[in-house]
Amino acid sequence: MMYIVVLGFYLLFIVWSSVKSLKNAESISDFTTGGHRMGLLLGIGTTTATWVSVASVLGVPGYLYSSGVAAIIGWVAGWCLGGALIPLVAYKIRRPETPVRTFPEFIHLRYEPFKKNSPLRMIVGILMTIGYFLLVHIQVVGFGIVFETITGIDYKIAIFAFLVFLLFTSIGGFWSVAATDTLNTVLIVIGVVLGSGAVLAATGGLQNIVDTLSTTTAPTIAGGPPLEKGILLTPLGTFSLSALISIFISNSLGSPASPHWVTRMLAPKNIKVAILQIMGTIGVLLFIMGPLIILGLGAKALLPSLPAGKTTDYIVPLIIQDYAPPLVGAMTLVALCAAAVSTANSMLLTAGTTLYYDVFLGIFPKKVSDKDFNKTLRLIIFVMGFLAVVSAIKPPWFLAMGFVYVYGGFGAAFFLAVFLGLYWKRMNAAGAYAGILIGSIGYVVSKALGASNPFLIAAGISLIGVILAVYMSKKPPIEAYEPYFEEKVSKSTDRVLTNVINRSEGA
Amino acid sequence: MVTALMIWLGTMIFSFVLGTYLCFKIEKSGVKRWGATGRIFKYK
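Since the model is a prediction, treat every value here as computed from it, not as a measurement.

Trainee: Could you clarify how one ought to interpret the overall build of chain A in this entry?
Mentor: Counting secondary structure elements, chain A contains 22 helices and zero strands. Here the C-alpha radius of gyration of chain A, 22 Å, is about what a compact globule of 507 residues would show, namely 23 Å. Along the longest, intermediate and shortest principal axes, the C-alpha atoms of chain A span 70 × 50 × 40 Å. Relative to its full complement of 507 residues, chain A shows a buried share of 64%.

Here it is, written out as structure tokens:
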């Protein structure tokens with residue numbers, strides 16, 4: 001009962017903050033990037049909530065439970081290094097006086113500035129839509145697991161409740177997402193700190209957890225093979241060296257090139273706010289990841305093996321239900337729901353904007369008013385959310401590993417196009433086509449062939465392809481790179497910038 | 001366990017060092033539009 005009451009209050013707040021934020025979403029820029037005027041505190045709130053997804057709150061404790069402290073290296077440290085690199089993107093991408101609004105728009109401006117409709121922009125848009133659909137699907141699965149635990153409703157029905165949260169958090173566009181995200185961050189911190197406190201109390205403290213981990217041989221799933229004694233405390237855990245490197249690199253190099261992080265760097269007021277926003281977020285994450293580590297490792301001491309039929313993604317809801325007092329349990333589980341909702345709404349906003357603004361309006365160019373743009377985008381976001389829910393009826397992946405695959409794919413496809421585009425004047429359209437196509441296809445093929453490190457293989461061959469393509473083709477025009485290298489741009493560059501950014505505006 | 005926690009700590013320290021360096025570069029540029037305020041961690 002307590003769980004449902006707390007969840008009800010959470011829903012009421014979501015409705016209130018979303019309706020309030022609706023007033024702020026008036027123009028296309030407002031809806032997509034908050035009009036490039038977001039302050040530091042709201043920025044830290046929304047960045048933290050987007051960062052902390054179900055892969056963090058359910059998946060990582062699940063891997064800590066089954067594979068040991070190696071999950072800290074693969075996911076927690078991997079994401080942290082990825083976060084550390086994001087300011088390098090912000091430092092360049094916010095330089096222009098009028099910044100772009102979407103990731104594909106950046107690709108258009110940087111590589112095909114003279115084309116009215118850029119094919120590369122559409123390719124990027126399609127790849128992004130696929131990737132974000134998969135990431136939203138993962139959030140829905142996590143939401144379903146937690147909602148099932150809170151309400152007792154069967155998972156297959158519980159996931160449809162996600163649409164109610166989605167409806168309210170996404171209709172107001174960026175400001176609605178940012179406002180609800182900030183509350184979600186507060187909830188997540190309180191929830192995981194309380195939850196980890198309950199686990200510490202139930203286990204008798206950190207030393208008892210470490211003692212259990214050093215001696216346990218209990219299988220992860222009841223009836224499964226026993227673990228090697230002490231393996232959960234070794235740096236590699238149950239992973240092979242190559243698998244752990246693959247996870248670490250996919251998370252760390254995939255994150256800064258992921259389009260939603262690039263887009264997030266377009267929202268703050270200026271470059272310095274964007275950089276401080278990431279530094280602040282990494283500080284706040286200490287208070288989320290630390291408790292999650294205690295939850296995942298402590299779970300092994302409380303519940304040595306999961307019941308057959310449950311995946312490790314269920315471990316946190318299971319121990320919270322059994323070992324936390326009702327109010328603490330309710331706060332923790334609502335925090336897990338908040339993590340799913342806050343990441344999914346940002347990703348749906350990014351995916352919906354890309355599908356409509358970059359792909360649809362690229363194929364069927366027309367001028368649209370701000371009002372029509374916002375109305376259509378809301379509809380697209382809701383339809384994509386509905387499809388993600390339907391696709392999650394039978395979940396195929398472990399949550400944290402699903403993130404690794406998609407981040408690995410984003411990194412393989414976009415890392416070179418983003419970083420070389422921002423830091424190397426010679427990088428041109430041929431290089432970008434080579435990097436994006438070879439990287440994405442190479443990643444899918446090497447993954448399908450069972451390579452242990454598909455990201456490194458794809459990124460390696462893509463780098464060779466980029467260098468060959470760049471030196472075998474003409475230098476880029478000054479209009480392509482000037483906005484990211486100079487404080488003041490020439491008149492011709494300014495004209496090109498305006499043309500690309502105003503492509504679909506002003507009915 | 002210590003190794004894993006030290007690697008995480010190392011990435012956090014790297015993040016703060018890199019962020020501080022970039023803020024320093026913005027101050028050195030003096031461009032107000034980019035966020036230069038005269039003090040390294042001050043923002044507007």
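Moving on, there is more to tell.
Trainee: Could you clarify how one ought to interpret the nonpolar core in this entry?
Mentor: Soluble, globular proteins show a tendency: their nonpolar side chains are buried together. Residues and elements named next belong to chain A. With 182 residues, the main nonpolar core has Trp75 and Phe414 as its most contacted residues. The biggest single contributor to this core is helix α16 (residues 326-363), with 19 residues. Dropping the residues within four chain positions of it, Phe414 is found in contact with Phe103, Val124, Leu127, Met128, Ala257, Pro259 and Ile436.

Trainee: Can you walk me through a nonpolar patch on the surface in this structure?
Mentor: Residue and element names in this part refer to chain A. Together, Phe160, Leu379, Val383, Phe386, Leu387, Val390 and Ile393 line one region of the surface with nonpolar side chains, adding up to about 570 Å² of accessible area. Here Leu387 is to be found in helix α17 (residues 370-391). Residue class for Leu387 comes out partly exposed when judged on its relative accessible area of 45%.

Trainee: What's the story with helix α3 (residues 40-51) of chain A in this structure? I'm lost.
Mentor: Helical periodicity: at 3.6 residues per turn, an α-helix aligns residues three or four positions apart in one direction. Residues and elements named next belong to chain A. With 12 residues, α3 extends 16 Å from end C-alpha to end C-alpha; this agrees with the ideal 16 Å at 1.5 Å per step. A large share of α3 lies buried, amounting to 10 of its 12 residues. Buried residues of α3: Leu40, Gly43, Ile44, Gly45, Thr46, Thr47, Thr48, Ala49, Thr50 and Trp51, and no others.

Trainee: Explain the layout of surface pockets to me, please; I cannot follow it from the model alone.
Mentor: Empty space among the atoms becomes visible once a probe the size of a water molecule is rolled across them. All names here are of chain A. When its volume is computed, the largest pocket comes out at roughly 350 Å³. Lining the largest pocket we find 16 residues, and of these Leu134, Tyr405, Gly409, Tyr443 and Val444 sit closest to its centre. The set of elements that each furnish at least two residues to the lining of the largest pocket consists of α7 (119-151), α18 (399-423) and α19 (429-448). Looking at the lining of the largest pocket element by element, the count peaks at six residues for α18. Class assignment for the residues of the lining of the largest pocket results in 12 nonpolar, three polar and one charged.

Trainee: Looking at this structure, I do not really get the side chain of Ser118 of chain A. What am I missing?
Mentor: All names here are of chain A. Along the chain, Ser118 falls in the loop between α6 (103-111) and α7. Here Ser118 falls in the buried class, since its relative accessible area comes to 1%. Looking at Ser118, its side chain comes within polar contact range of the side chain of Glu112, at 2.4 Å. Leave out the neighbours within four places in its chain, and Ser118 touches His108 and Glu112.

Trainee: Hey, could you run me through the pattern of salt bridges in this one?
Mentor: For side chains of opposite charge, pairing can occur when their charged atoms come near one another. Residues and elements named next belong to chain A. This structure, assessed with the given rule, holds seven salt bridges over all chains. Between Lys425 and Glu486 there is a salt bridge, with its nearest N and O atoms 3.8 Å apart. Taken together, the residues span a long stretch of sequence, with Lys425 in the loop between α18 and α19 and Glu486 in the loop between α21 (478-485) and α22 (491-501) at a distance of 61 residues. Residues joined by salt bridges that share partners form a network here, namely Arg101, Glu105, Arg121 and Asp358.

Trainee: I would appreciate a short explanation of the packing of aromatic side chains in the present structure.
Mentor: The description of an aromatic ring pair uses the distance of the two centres, along with the angle that the planes make with each other. Residues and elements named next belong to chain A. Throughout the structure, instances matching the rule amount to 19 aromatic pairs over all chains. For the pair Trp75 and Phe239, a centre-to-centre distance of 6.1 Å together with 50 degrees between the ring planes defines the contact as tilted. Separated by 164 residues along the polypeptide, Trp75 in helix α5 (residues 70-93) and Phe239 in the loop between α11 (206-215) and α12 (241-257) bring together distant segments of the chain. Both residues of the pair, Trp75 and Phe239, count as buried. Measuring from centroid to centroid gives 5.9 Å for Phe410 and Phe414, while their planes differ by 25 degrees, and the two rings are stacked. Highlighted residues: Phe410 and Phe414, both in helix α18, separated by four residues, approximately one helical turn. The residues Phe410 and Phe414 share a single accessibility class, namely buried. Joined through ring pairs, the aromatic side chains of Phe103, Phe106, Tyr132, Phe410, Phe414 and Tyr484 make up one cluster.

Trainee: In this structure, what is going on with the interface of chain A and chain B? I would like to understand it.
Mentor: Taken together, the contact pairs 37 residues of chain A with 30 residues of chain B. Both sides of the chain A and chain B interface together cover about 3000 Å² of buried area, and 78% of this is carbon and sulfur. If you sort the residues of chain A by the area they bury against chain B, Tyr91, Lys272 and Met279 of chain A come out on top, with a joint share of 22%. Linking Lys272 of chain A and Glu27 of chain B is a salt bridge whose minimum nitrogen-to-oxygen distance equals 2.3 Å.

Trainee: Would you mind going over the environment of Leu167 of chain A with me for this structure?
Mentor: Residues and elements named next belong to chain A. By the element assignment, Leu167 lies in helix α9 (residues 162-170). A relative accessible area of 37% places Leu167 in the partly exposed class. Sequence spacing of Leu167 and Ala201 is 34 residues, and the spatial spacing of their C-alpha atoms is 38 Å.

Trainee: Looking at this structure, how should I read α12 of chain A?
Mentor: In this model, α12 of chain A (17 residues) spans 24 Å end to end at C-alpha, consistent with the 24 Å of a helix rising 1.5 Å per residue. Most of α12 of chain A sits inside the fold, with 12 of its 17 residues counted as buried.

Trainee: Would you mind showing me how to read the packing of α16 of chain A against α17 of chain A here?
Mentor: What describes two packed helices is the angle between their axes and the distance between those same axes. All names here are of chain A. Interaxial distance between α16 and α17 falls to 9 Å at its minimum, and their mutual angle equals 120 degrees. What the angle tells us is that α16 and α17 run oblique. Like other packed secondary-structure pairs, α16 and α17 cross with a definite hand, here right-handed. Residues Leu348, Leu349, Ala351, Gly352, Thr353, Leu355, Tyr356 and Tyr357 of α16 form the contact with α17, whose own contacting residues are Phe373, Thr376, Leu377, Ile380, Ile381, Met384 and Gly385. For the contact of α16 with α17, the per-class residue count stands at 11 nonpolar, four polar and no charged.

Trainee: Please clarify how the state of the cysteines should be interpreted in this entry.
Mentor: As used here, a disulfide is simply a covalent bond connecting the sulfur atoms of two cysteines. Using the criterion set out here, one finds zero disulfides over all chains in the structure. Cys80 of chain A supplies the cysteine sulfur nearest to Cys23 of chain B, a cysteine that is in no disulfide, at a spacing of 16 Å.

Trainee: Whenever I open this one, a positive patch on the surface confuses me. Can you help?
Mentor: A cluster of like positive charges, contributed by Lys32, Arg39, Lys42 and Lys44 of chain B, occupies part of the molecular surface. Exposure remark for Lys42 of chain B: the relative accessible area of 38% places this residue in the partly exposed category.

The rules behind each value
- Residues numbered from 1 in each chain as written.
- Chains lettered and ligands numbered in written order.
- Predicted model: local features only at pLDDT ≥ 70, side-chain atom pairs only at ≥ 80, totals over all residues.
- Heavy atoms only, no water.
- Helix = DSSP H or I, 4+ residues; strand = E, 2+ residues; numbered from the N terminus.
- Rg over C-alpha atoms; globule rule 2.2 N^0.38 Å.
- Buried < 20%, exposed > 50% of the residue type's maximum accessible area, 1.4 Å probe, protein only.
- Core = buried A, V, L, I, M, F, W, Y, C linked by side-chain atoms within 4.5 Å.
- Contact = heavy atoms within 4.5 Å.
- Patch = residues over 30% accessible without salt bridge, like charges linked within 9 Å, V, L, I, M, F, W, Y side chains within 5 Å.
- Areas by Shrake-Rupley, 256 points an atom, 1.4 Å probe, with all protein chains shown as cover.
- Salt bridge = Lys/Arg side-chain N within 4 Å of Asp/Glu carboxyl O.
- Expected span 1.5 Å × (residues − 1).
- 1 Å grid on protein atoms, 1.4 Å probe; cavity = no way out; pocket = protein on both sides within 12 Å on 5 of 7 lines; lining within 4 Å.
- Points joined across faces, edges and corners; volume = space filled by probe spheres on them.
- Nonpolar A, V, L, I, M, F, W, Y, C, P; charged D, E, K, R; others polar.
- Polar contact = N/O pair within 3.5 Å; in protein donor to acceptor, adjacent residues only side chain to side chain.
- Phe/Tyr/Trp six-rings, centres within 6.5 Å; stacked < 30°, edge-to-face > 60°.
- Buried area = accessible area lost by both parts, 1.4 Å probe.
- Axes fitted to C-alpha atoms, helices over the stretch in contact; angles between N-to-C directions.
- Parallel < 35°, antiparallel > 145°, perpendicular 65-115°, else oblique.
- Left-handed = near helix turned anticlockwise from the far one by under 90°.
- Disulfide = S-S within 2.5 Å.
- Lys, Arg positive; Asp, Glu negative; His and termini not counted.
- Charge placed at Lys NZ, Arg CZ, Asp CG, Glu CD.

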